[in-house]
Every structure is written in C-alpha cells, then in structure tokens.
Amino acid sequence: MEIYTQRLEAVTKDCSFDIIELNFDTRQKSRFRANLKNGVDIGADLPRTGILRSGSYIATENGNILKIEAKAEKLMKVSAQHEFDLLKAAYHLGNRHVPLMLTPTALYFEPDHVLAEMVVGLGLEVTLVEHTFEPESGAYAQHQHDHRLSPIKSLHHVHQ
C-alpha cells in the first residue's frame, strides 16, 4: 500500500497522476485509507493543514501523485422562490455552525431532519439529492487572495 504524506500546491501540466473521489467526511481527515477505481488500496498520513478540496493534489515520498475529487453524496438541497429567503436560510443554518455549501440558486448541507424541518418552517423547499459537497471554509480559514492591498487599507484610502 502506498502512503501519501505530502500536500502539493500545484503540479506541472505534463505530470501524471491518478484520481480518487472522496466524500467530504474523508477529505476532512489527515489520516485515512481508500481504494482507487482500479482497486489499489492507498493510505494518507498528511499534515493537518485543512480540508482536501476537490482539485487538491497529494503525493508519496516516491513522487506518485494523486488528484482529489469531491465524490457525490447524499445531501439536503435547500431552494427558494425568492433570493432573500435563501439568504435567510443561510443565516439560520450558519448560526448553527452547519457546514454549508452555497450556490447562487441553492444551499446544501449534510442530512439532518431537524435542520430540514427548521428550513421548511421558514418556507423553503428541502430535498434529498446526490451532489458533491464543497462547504464554505469559514471567514477565518486560509483563502488565496492578493495580499498587496488589505481590506483595511482599501477602506482607509476610501475615507481619506
């Protein structure tokens, strides 16, 4: 069994790699076992630096590379007639610290009948679907953005 121990920021266009689909629960872990589509058993013992997002790469010490893809899983899909209702549902779910995937037309969260009933009580529609799950990472998580101009500096310049 090959053990993947490194997270890669990027790979070159000409490198070769296998692809593995993992559900959100597995992608949150730094240690796990999984099977490639061809049946090969692999293990991961990664640094604890966050969730493996769809499109992430991991590698073995020998240089074998694996691309991570989000696997479709059972989720609750929230949809609404009006955008503001969807915003209200996102607020209430976020207030309960629920991992939540946001899209322009729907919200997705892991199945939970109590939360589904709450959202239905707000007047929205909730359905059980198969979908990939890439929840928001949170306001304080590491995001890739331009560090040359911080939001505070930009506000400072606006008010001068």
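Residues numbered from 1 in each chain as written. Predicted model: local features only at pLDDT ≥ 70, side-chain atom pairs only at ≥ 80, totals over all residues. Heavy atoms only, no water.

Trainee: I'd like a description of the sheet that holds strand E7 (residues 65-70), backed by residues and values.
Mentor: Sheet architecture is open: 4 strands sit in the order E2-E6-E7-E3, paired in mixed fashion. Where the open sheet ends on each side, the last strands, each with one partner, are strand E2 (6-8) and strand E3 (18-22). Across the sheet, the mean angle from the axis of one strand to that of its neighbour is 35°, orientation sign disregarded. Summarising the sheet, strand E6 (residues 57-59) and E7 pair through 3 bridges and their orientation is antiparallel. Along E7, the bridge assignment pairs Ile 58 with Leu 66. (Pairing = 2+ DSSP bridges. Helix = DSSP H or I, 4+ residues; strand = E, 2+ residues; numbered from the N terminus. Axes fitted to C-alpha atoms, helices over the stretch in contact; angles between N-to-C directions.)

Trainee: So, the packing of helix H2 (residues 83-95) against helix H3 (residues 113-121): which residues are in play, and what are the values?
Mentor: Where H2 meets H3, the closest approach of the two axes is 10 Å, and the angle between their N-to-C directions is 145°. Our pair here, H2 against H3, has a crossing hand that is right-handed. Along the contact surface, H2 presents Ala 89, His 92 and Leu 93, while H3 presents Leu 115, Met 118 and Val 119. (Left-handed = near helix turned anticlockwise from the far one by under 90°. Contact = heavy atoms within 4.5 Å.)

Trainee: Report on H2, specifying residues and quantitative values.
Mentor: Relative to the 18 Å expected for 13 residues at 1.5 Å per residue, H2 spans 18 Å between its end C-alpha atoms, a close match to the ideal helical length. Turning to H2, its buried residues are Asp 85, Leu 86, Ala 89, Ala 90 and Leu 93. For H2, the angular spread of buried residues about the axis comes to 145°, placing them on one side. Seen from the buried face of H2, the exposed residues on the opposite side, beyond 90 degrees, are Phe 84, Leu 87 and Tyr 91. Here the buried face of H2 lies against strand E8 (73-79), strand E9 (101-102), strand E10 (107-109) and H3. (Expected span 1.5 Å × (residues − 1). Buried < 20%, exposed > 50% of the residue type's maximum accessible area, 1.4 Å probe, protein only. Arc of directions from axis to C-beta.)

Trainee: Explain the packing of aromatic side chains to me, using residue names and the numbers behind them.
Mentor: The tally for this structure, following the rule as stated, stands at 2 aromatic pairs. Relative to Tyr 57, the ring of Phe 17 lies with its centre 5.4 Å away and its plane at 75°, an arrangement referred to as edge-to-face. Remark: Tyr 57 occurs in strand E6 and Phe 17 occurs in the loop between E2 and E3; sequence separation between them is 40 residues. For Tyr 57, a relative accessible area of 14% corresponds to the buried category. Aromatic side chains Phe 24 and Phe 133 sit 5.1 Å apart centroid to centroid with 80° between the ring planes, which places their arrangement in the edge-to-face category. Note that Phe 24 is positioned in helix H1 (residues 24-27) and Phe 133 in the loop between strand E11 (125-131) and helix H4 (151-158), a separation of 109 residues in sequence. (Phe/Tyr/Trp six-rings, centres within 6.5 Å; stacked < 30°, edge-to-face > 60°.)

Trainee: An account of the pattern of salt bridges is needed here, citing residue identities and associated values.
Mentor: By the definition in use, this model includes 8 salt bridges. The shortest N-O distance in the salt bridge between Lys 29 and Asp 25 comes to 3.5 Å. For Lys 29, a relative accessible area of 38% puts it in the partly exposed group. Judged by its relative accessible area of 40%, Asp 25 falls in the partly exposed class. Between Asp 41 and Arg 33 there is a salt bridge; the shortest N-O distance is 2.2 Å. Residue classification places Arg 33 among the exposed positions, given a relative accessible area of 58%. Here the residues in one salt-bridge network are Arg 27, Arg 53 and Glu 134, joined through shared partners. (Salt bridge = Lys/Arg side-chain N within 4 Å of Asp/Glu carboxyl O.)

Trainee: Just give me the short version of the sheet that holds strand E1 (residues 2-4), but keep the residues and values in it.
Mentor: Sheet strands line up and pair through hydrogen bonds in the backbone, either parallel or antiparallel. Strand order in this open sheet of 3 strands is E1-E5-E4, and the pairing throughout is mixed. Every interior strand has two partners, whereas the edge strands, E1 and strand E4 (31-35), have only one. Ignoring which end each strand starts from, the neighbouring axes of this sheet average 25° apart. Here E4 runs beside strand E5 (residues 41-45); their pairing, made up of 5 bridges, is antiparallel. Each residue of the ladder has a partner; that of Ala 34, found in E5, is Ile 42.

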